[in-house]
Amino acid sequence: MRYRVAFLSNSNEIHAELIPRQFAGLFHKDDPFVFSHRIKCAKPDPDVFHQALEMIGASSEQTIFIDDLLANVLAARALGMRAFQFTDARTLTSELEAEGLL
């Protein structure tokens, strides 16, 4: 399977500059970054998810959302996304495999 990756972060301008460089190995050149301070709302506000989905051109049903905060995961699920809470890589891998996503 091939997935398109996007990055959604509650952030500030400093993080917006650092994150793409610091984690360059995880992303492809055209992967979108959505930063909350630029769209003037933050997770878990449903509006941040709506705006992010619009920016990346995806529907909630097409989206897998992973976040370390349960409140953000629950907000994404409420909008119809398949969402998972990240606690550690092994657990996330198991959950994604169980859902047939890996």
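Residues numbered from 1 in each chain as written. Predicted model: local features only at pLDDT ≥ 70, side-chain atom pairs only at ≥ 80, totals over all residues. Heavy atoms only, no water.

Engineer: Hey, could you run me through the overall build of the chain in this one?
Structural biologist: A tally of helices and strands in the chain yields five helices and four strands. Seen in sequence order, the chain has helices and strands lined up from the N terminus as β-α-β-α-α-β-α-β-α. A globule of 102 residues ought to have a C-alpha radius of gyration of about 13 Å, and the chain, at 13 Å, matches this closely. Based on the C-alpha atoms only, the size of the chain along its principal axes is roughly 35 × 30 × 25 Å. The contacts of the chain with a sequence gap of at least 6 include a subset with a gap of at least 24, amounting to 41%. Of the roughly 6,700 Å² that the chain leaves accessible, carbon and sulfur atoms contribute 56%. Taking the average place of the 10 positive charges on the side chains of the chain and the average place of its 14 negative ones, the gap between the two points comes to 5 Å. (Helix = DSSP H or I, 4+ residues; strand = E, 2+ residues; numbered from the N terminus. Rg over C-alpha atoms; globule rule 2.2 N^0.38 Å. Contact = heavy atoms within 4.5 Å. Areas by Shrake-Rupley, 256 points an atom, 1.4 Å probe, with all protein chains shown as cover. Lys, Arg positive; Asp, Glu negative; His and termini not counted. Charge placed at Lys NZ, Arg CZ, Asp CG, Glu CD.)

Engineer: In this structure, what is going on with the confidence of the model for the chain? I would like to understand it.
Structural biologist: The predicted coordinates of low-pLDDT regions are not to be read in fine detail. With 99% of its residues at a pLDDT of at least 70, the chain reaches an overall mean of 93. Highest mean pLDDT in the chain belongs to helix 4 (residues 70–78) (98); lowest belongs to helix 1 (residues 13–22) (89). (pLDDT = per-residue confidence, 0-100.)

Engineer: What exactly am I supposed to notice about the layout of surface pockets here?
Structural biologist: Rolled over the atoms, a probe as big as a water molecule pinpoints where empty space is left. What the largest pocket holds in volume is close to 1,400 Å³. Secondary-structure elements contributing two or more residues to the lining of the largest pocket are strand 1 (7–9), helix 1, helix 3 (46–56) and strand 3 (64–67). Of the residues in the lining of the largest pocket, the class split is 22 nonpolar, six polar and six charged. (1 Å grid on protein atoms, 1.4 Å probe; cavity = no way out; pocket = protein on both sides within 12 Å on 5 of 7 lines; lining within 4 Å. Points joined across faces, edges and corners; volume = space filled by probe spheres on them. Nonpolar A, V, L, I, M, F, W, Y, C, P; charged D, E, K, R; others polar.)

Engineer: Any chance you could explain helix 3 here in plain terms?
Structural biologist: Residues three or four positions apart in an α-helix share a direction because the helix packs 3.6 residues into each turn. The complete set of buried residues in helix 3 reads Val 48, Phe 49, Ala 52, Leu 53 and Ile 56. Each buried residue of helix 3 lies within a common arc of 130° when the element is viewed along its axis, so the set occupies one face. Residues of helix 3 that are buried in the fold lie against strand 1, strand 2 (33–35), helix 2 (36–39), strand 3 and helix 4. The backbone nitrogen of Asp 47 lies 2.7 Å from a side-chain oxygen of the residue at the head of helix 3, namely Asp 45. (Buried < 20%, exposed > 50% of the residue type's maximum accessible area, 1.4 Å probe, protein only. Arc of directions from axis to C-beta. Polar contact = N/O pair within 3.5 Å; in protein donor to acceptor, adjacent residues only side chain to side chain.)

Engineer: Would you mind going over the nonpolar core with me for this structure?
Structural biologist: One broad rule of soluble globular proteins: the nonpolar side chains tend to lie buried together. Ranked by size, the top nonpolar core spans 15 residues in total, and within it Leu 8, Val 34, Val 48, Phe 49, Phe 65, Ala 76 and Met 81 carry the most contacts. The set of elements that each furnish at least two residues to this core consists of helix 3 and helix 4. Take this core: its biggest share by element is five residues, from helix 3. Here Ala 76 is in contact with Phe 49, Phe 65, Met 81 and Ala 83, once residues within four sequence places are set aside. (Core = buried A, V, L, I, M, F, W, Y, C linked by side-chain atoms within 4.5 Å.)

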